[in-house]
Amino acid sequence: MMGEPVNIYKQTILHILHRASTSLTQGVVLDVITTLGYTDYIHAQSALGELIESGLVTEKNTYHRSYVTLTETGEQTRLAFENDLSQDIRKEVDEYLKKNHVETLDETSLVSDYKLTKDGMYTATCSIRDGAHILYEINLEVSSEEDAIRVCNSWEKHSEELYSQALKTLLI
């Protein structure tokens, strides 16, 4: 896998996803690799796309974000070529992820999406996650797509308040 620059980009992406405790948005992954100066956005996006196409990374799309996760095959591939990725790159990535942990966690721990139901309504699903664990989730059925989008967009602003209120109310 190693040798060509694109393969280094792929191995770096696999390392980023391995080090993350949860699925990351494509934006976070691409920010890491471009901010550290390994390549530009176009080449990073292309490398990530090839990893998704080859099944080493899975992609889950919500209405406004795409999340990526390392698959079992991706982890095996990462391990097989782990020593081919320079220690310096691994260290820089690890330091970047540690330094920017709060931003990464904030973006990936609040998840919202909506879907059309069989009866023509829309269900907006909003959750707070800690890694793969769902801490809090609500599903709201609304009558229009616009309302579902409004619920999902409001989630980031009001999630903490709603979670705190639910805990106070239910733990009395």
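Each remark here, short or long, concerns the structure printed above.
Now for a description of the structure that goes with this document.

Criteria and thresholds
Residues numbered from 1 in each chain as written. Predicted model: local features only at pLDDT ≥ 70, side-chain atom pairs only at ≥ 80, totals over all residues. Heavy atoms only, no water. Patch = residues over 30% accessible without salt bridge, like charges linked within 9 Å, V, L, I, M, F, W, Y side chains within 5 Å. Areas by Shrake-Rupley, 256 points an atom, 1.4 Å probe, with all protein chains shown as cover. Salt bridge = Lys/Arg side-chain N within 4 Å of Asp/Glu carboxyl O. Buried < 20%, exposed > 50% of the residue type's maximum accessible area, 1.4 Å probe, protein only. Core = buried A, V, L, I, M, F, W, Y, C linked by side-chain atoms within 4.5 Å. Helix = DSSP H or I, 4+ residues; strand = E, 2+ residues; numbered from the N terminus. Phe/Tyr/Trp six-rings, centres within 6.5 Å; stacked < 30°, edge-to-face > 60°. Pairing = 2+ DSSP bridges.

1. A word on a nonpolar patch on the surface
A grouping of Leu-167, Leu-170 and Leu-171 is seen on the molecular surface, where their side chains present a nonpolar patch of about 350 Å² in accessible area. With a relative accessible area of 70%, Leu-170 lands in the exposed category.

2. A few points about the nonpolar core
By size, the foremost hydrophobic cluster in this structure holds 26 residues, and its most contacted members are Ile-13, Leu-17, Leu-24, Val-29 and Val-57. For this core, the elements supplying multiple residues, two or more each, are α1 (5-19), α2 (26-35), α3 (41-53), β3 (66-70) and α5 (87-99). Of all hydrophobic cores here, the second largest spans 13 residues; its members include Tyr-136, Val-142, Val-151 and Ala-166.

3. Some words on the packing of aromatic side chains
Across all of its chains, the model carries 3 aromatic pairs by this definition. Ring plane angle 15 degrees and centroid distance 6.2 Å describe the contact between Tyr-136 and Trp-155, whose orientation is recorded as stacked. Of this pair, Tyr-136 sits in strand β6 (residues 133-142) while Trp-155 is found in helix α7 (residues 145-170), placing the two residues 19 residues apart along the sequence. Summarising the burial analysis for this pair, Tyr-136 and Trp-155 share the class buried. Between the aromatic rings of Tyr-136 and Tyr-163, the centroid separation amounts to 5.3 Å while the plane-to-plane angle is 65 degrees, which identifies the pairing as edge-to-face. One end of the pair, Tyr-136, is in strand β6; the other, Tyr-163, is in helix α7, with 27 residues separating them in the sequence. Relative accessible area serves as the criterion here: at 18%, Tyr-136 is assigned to the buried category. Of the aromatic side chains, those joined through ring pairs into one cluster are Tyr-136, Trp-155 and Tyr-163.

4. Overview of the sheet that holds strand β1 (residues 24-25)
Adjacent strands of a sheet pair through backbone hydrogen bonds, lying either parallel or antiparallel. If you trace the 3 strands from one edge of the open sheet to the other, you get β1-β3-β2, paired in antiparallel fashion. The open sheet has two edge strands with one neighbour each: β1 and β2 (57-61). Alignment of β2 against β3, held across 5 bridges, turns out to be antiparallel. Note that in β3 the partner of Val-57 across the bridge is Leu-70.

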